[in-house]
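Below are the chains, spelled out letter by letter.
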Amino acid sequence: MTAGTKRRPKRLLAVAGAAALSLIALTACTGTGSSDKPAAVDGGGIGTAKKHVKITMMSNDAFAQQWQDQLVPEFNKEFPYIDVTIDAVPYTELLAKGLLNGTDPDPQYDLITLDDPWTPQLANAGVLMDLKNDAKQWTDKGYDWADFNAAPLASSEWDGKQYGVPLRSNMLLMFYNKALYAKAGLAEPTPELTWDQYLKEAPSLVQDTDGDGKVDSWAVGLTWMRGVLSPPVWQAVLNSNGGALFDKDMKPTFDTKAGIAALQTQVDLLKYAPPGATNYNYTEPLDAFRQGKVASIFTWGSAYKSAAVDPAVTTLTPDQVGIQTMPAGSDGASTHRGIWSGSVFKNSAHPEAAWTFLQWMTSKKGEVWTTNTLGSFPARKSTLASTPSQAWLAPVFTTIQSAYDVADKGQMWRPRSPESNAIQEILADQTSAAVQGQTSAKDALAKATDQINELLKK
Amino acid sequence: MLPATVLLAAVLAYPLLYTLQISFSKFDLATFSPTEWVGLENYTAALKNETFQNSLVVTGIYLVLALPLQIVLGFGIAYLMNAEWRGRGVVRALFLIPMVVAPVVSGGIWKMILDPLWGVVGWFLGLFGIPAIDWFGSASMSMISVVIIDTWRSVPFVALIAAAALLALPKDVFEAAKVDGANWWQTLWSVSLPMLGPIIAATFVVRWLGAVKMFDIILATTNGGPGEATNVVNLFIYQQAFRLLKFSESSAMAVIVLVITMILTFVFLLGSKKLEDRL
């Protein structure tokens, strides 16, 4: 027997031992993840000078830093003993990370920012606090829930319970370049503009603006790229013509003449868009608009500041850029809801401090501050009725209030279901296929209907 | 030996076994753990899933286009750089830069470079009167663009291995060929390539294992579109797991992909050994 042969059994033993250790670790680590430890009955308090309370929020990376740098110090003027850390998390990871934290017996986070369609899934998993009931004891008497517009507040409501409050309200809106409309000899759009009128005017907005014989400006930019941001556009068109994605029993109702026409509208708009527009996500149409390459864009309202106000990123000014709801269908104007809400994790060790922070942000006073200082869009009727300190917000307030009313009337939002993400992925795939011409709008919606029915059956 | 084995088992065996467990179970989001055993239910659902089937086909198409191109280009460039010419050292050093650029950054930058409105490629082609090309505008062009970006990133790696292999070739065989009057093509075809055969095969296997993980470049450029034209299997599994939180189904898909990859890797390694034995 050679030395190598003698060593072989020892090696095999080492490998087997390591595998056994892994199996033991696996068994130890699996099983229920929930804690039997009840939430703190007294809410954990809001800290004292000698003993601060520390809370952590997981937030979308687009605005986390701004909140940490500006919002938290302002909050601490009123609540100096609550130390708030805001962690930036990429959008695509927030939902999974939120669920993981919510089921962790030793959670790292107390708060989460939720995108519009996530509430049902997280609420169903039992990880969010019902703010109107569980946090009632810590809610200020002057908080005034009724002051919130219905559409943004409803985005974090599920099954009759309120799981969040709107922190940054966003609606799908239309921005237009007044100069390019004038150059094309067209009157500026108004909120009464219909989709038919818009499509009639679009060819005129494909123009040569510098007289060199080459087209250098186009009519429109929006999200056409495969992804969950592309279906809201045709969904808004469908809603504006009185259609809906689903009925009250969650049966698809978009595979109709109106639905096909709506999707076809989004496909047809490509004819009046710059080259490469089939790959437009969120930033590309915005860049094209800022560069004066497109006369109008359909995008989320929060982009208005970077499109028309912030001199660091745009040469356009609020005087040059109009903002309004998207064109109207037979049932009125169109829009789509995209609200960032704040929620408290049920397993938070400091729910009182966490809710105090959210409450301050979304109180009448706090919301006025965040709107005027950070430029985020408010959800309260009182804020929208007030005069903003920054002049550019005045037409934005009018548009946002109008958009809330339109959204509330037409129920213009992404599917409300624990399967919302999966539904949006199916719709995104078929929207993209139709946009590319791989399938007709009719076949795309028929396939989406079949796939969604199959999904909801499980 | 034992500490290394334990570490390897911890970072390799544990995630693998846990994924296997989830793939045979129902995953409860409320407790974030696998619960009841469901047998092959997740595997059946995965194999019946049309989008999963399509993603396997898309991945196959990408591999068939990308791998041979990268091997041929890598060895070809290494062969050219092996010859003596001025500035060879500088070019060789610069040539390695794409290899150290993160894939997602490569995708993002190339997306800007290829933009028909703003991109430098469009501007350059415009100088010759060529109209702007919509590189991501159709199913076929998107796949070609992804292959181009991945090739730009991966060829330096292949060229690096090939250059080392070329340097290790015995000089006397080339001298003998020269004495016999062989031209550069005859030398390449009858001397270099047969001797490089095993290295080419081994490089193919290493590159195959890297290419089959294609994900970041597509995420940064097309997000799997247009339609599902570039929806490779890793991107689809990632979306199923981390966007839709379908951990059971995505675990089953991941195991299926692992099995397919292992089988094909074994076939390639067998082929490589046979080639080595023949030479």
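A. Spotlight on the overall build of chain A. When helices and strands are tallied, chain A shows 17 helices and 13 strands. Here the C-alpha coordinates of chain A stretch approximately 85 × 70 × 45 Å along the principal axes. Here chain A holds 458 residues, and 49% of them are scored as buried.

B. Layout of the sheet that holds strand β8 (residues 218-221) of chain A. All names here are of chain A. Pairing is mixed in the open sheet, where four strands are placed in the order β8-β9-β7-β10. Each end of this open sheet is capped by a strand with a single partner; those strands are β8 and β10 (321-324). On average, each strand axis in the sheet is tilted by 15 degrees relative to the strand beside it, whichever way the strands run. Across four bridges, the pairing between strand β7 (residues 172-177) and β10 is antiparallel. Within the sheet, the bridge partner assigned to Phe 175 lies in β10 and is Ile 323. This element, helix α10 (residues 283-290), spans β7, β8 and β9 (294-300) of the sheet and lies at about 145 degrees to β9.

C. Structural detail: the domain arrangement of chain A. All names here are of chain A. Domain boundaries assigned for chain A yield domain 1 (53-170 + 338-407) and domain 2 (172-336 + 419-457). When each unit is reduced to the centre of its C-alpha atoms, the spacing between domain 1 and domain 2 is 28 Å. With 17 residues of domain 1 at the interface, the matching set in domain 2 holds 20 residues. Of all the secondary-structure elements, those providing two or more residues to the side of domain 1 that touches domain 2 are α4 (119-124) and α15 (393-410). Here the side of domain 1 that touches domain 2 gets eight residues from one element, more than from any other, and that element is α15. The residue inventory of the side of domain 1 that touches domain 2, partitioned by class, reads ten nonpolar, six polar and one charged.

D. Representation of the sheet that holds strand β2 (residues 82-89) of chain A. Residue and element names in this part refer to chain A. Spatial strand order, β2-β1-β3-β13-β6: five strands in an open sheet with mixed pairing. The open sheet is flanked by β2 and β6 (165-168), the only strands paired with a single partner. Strand-to-strand twist of the sheet, defined as the mean angle between neighbouring strand axes without regard to direction, takes the value 30 degrees. The sheet contact formed by β6 and strand β13 (residues 340-344) spans three bridges and is antiparallel. Within β13, the position partnered with Val 165 by the bridge is Gly 342. Along the sheet, helix α2 (residues 64-78) makes contact with β1 (53-60) and β2, crossing β2 at roughly 170 degrees. On the sheet, helix α3 (residues 91-102) packs against β1, β2 and β3 (111-114) and is oriented at approximately 130 degrees with respect to β1.

E. The arrangement of helix α13 (residues 364-374) of chain A in detail. All names here are of chain A. Buried within α13 we find Gly 366, Glu 367, Thr 370 and Thr 371. Buried residues along α13 cover an arc of 130 degrees about the axis, so they all sit on one side. Along its buried surface, α13 packs onto α2, α12 (351-362), α14 (381-385) and α15. Following α13 by one or two positions, Gly 375 adopts a phi angle in the positive range, close to 80 degrees.

F. Just the interface of chain A and chain B, in detail. The interface is formed by 42 residues belonging to chain A together with 37 residues belonging to chain B. Breaking the side of chain A that touches chain B down by element, the ones donating at least two residues are α1 (3-29), α3 and α16 (420-435) of chain A. Sorting elements by how many residues they give to the side of chain A that touches chain B places α1(A) first, with ten residues. Here the side of chain A that touches chain B is built from residues that sort into 19 nonpolar, 17 polar and six charged.

G. Summary view of the nonpolar core. Of all hydrophobic cores here, the largest spans 129 residues; its most connected members are Ile55(A), Leu111(A), Phe175(A), Val220(A), Val344(A) and Phe357(A). The element contributing the most residues to this core is α16(A), with eight residues. Structurally, this core is a two-domain feature, drawing no fewer than three residues from each of domain 1 (53-170 + 338-407) and domain 2 (172-336 + 419-457) of chain A. Phe357(A) has contacts with Ile55(A), Phe75(A), Ile82(A), Val84(A) and Leu111(A), leaving out every residue within four places of it along the chain. In terms of nonpolar packing, the next biggest core, distinct from the first, is built from 38 residues, Ala165(B), Met214(B), Leu235(B) and Ala254(B) among them.

H. Region of the structure containing unusual backbone geometry. With omega at -5 degrees, the peptide bond leading from Gly225(B) into Pro226(B) counts as cis. Along the chain, Pro226(B) turns up in the loop between α11 (216-221) and α12 (233-243). Residue Asp159(A) is not a glycine yet carries a positive backbone phi of 55 degrees. Inspection of the secondary structure puts Asp159(A) in the loop between β4 (157-158) and β5 (161-162). Residue Asp159(A) is classed as exposed on the basis of its 10 C-beta neighbours within 10 Å. In this model, Met250(A) sits at a positive phi of 60 degrees, which is unusual for a non-glycine residue. Mapped onto the elements of the fold, Met250(A) is located in the loop between α8 (231-240) and α9 (257-268).

Procedures and definitions
Residues numbered from 1 in each chain as written. Chains lettered and ligands numbered in written order. Predicted model: local features only at pLDDT ≥ 70, side-chain atom pairs only at ≥ 80, totals over all residues. Helix = DSSP H or I, 4+ residues; strand = E, 2+ residues; numbered from the N terminus. Buried ≥ 20, exposed ≤ 12 C-beta atoms within 10 Å, placed from the backbone. Pairing = 2+ DSSP bridges. Axes fitted to C-alpha atoms, helices over the stretch in contact; angles between N-to-C directions. Contact = placed C-beta atoms within 7 Å. Domains from an automatic or database assignment. Nonpolar A, V, L, I, M, F, W, Y, C, P; charged D, E, K, R; others polar. Arc of directions from axis to C-beta. Core = buried A, V, L, I, M, F, W, Y, C linked by C-beta atoms within 7 Å.

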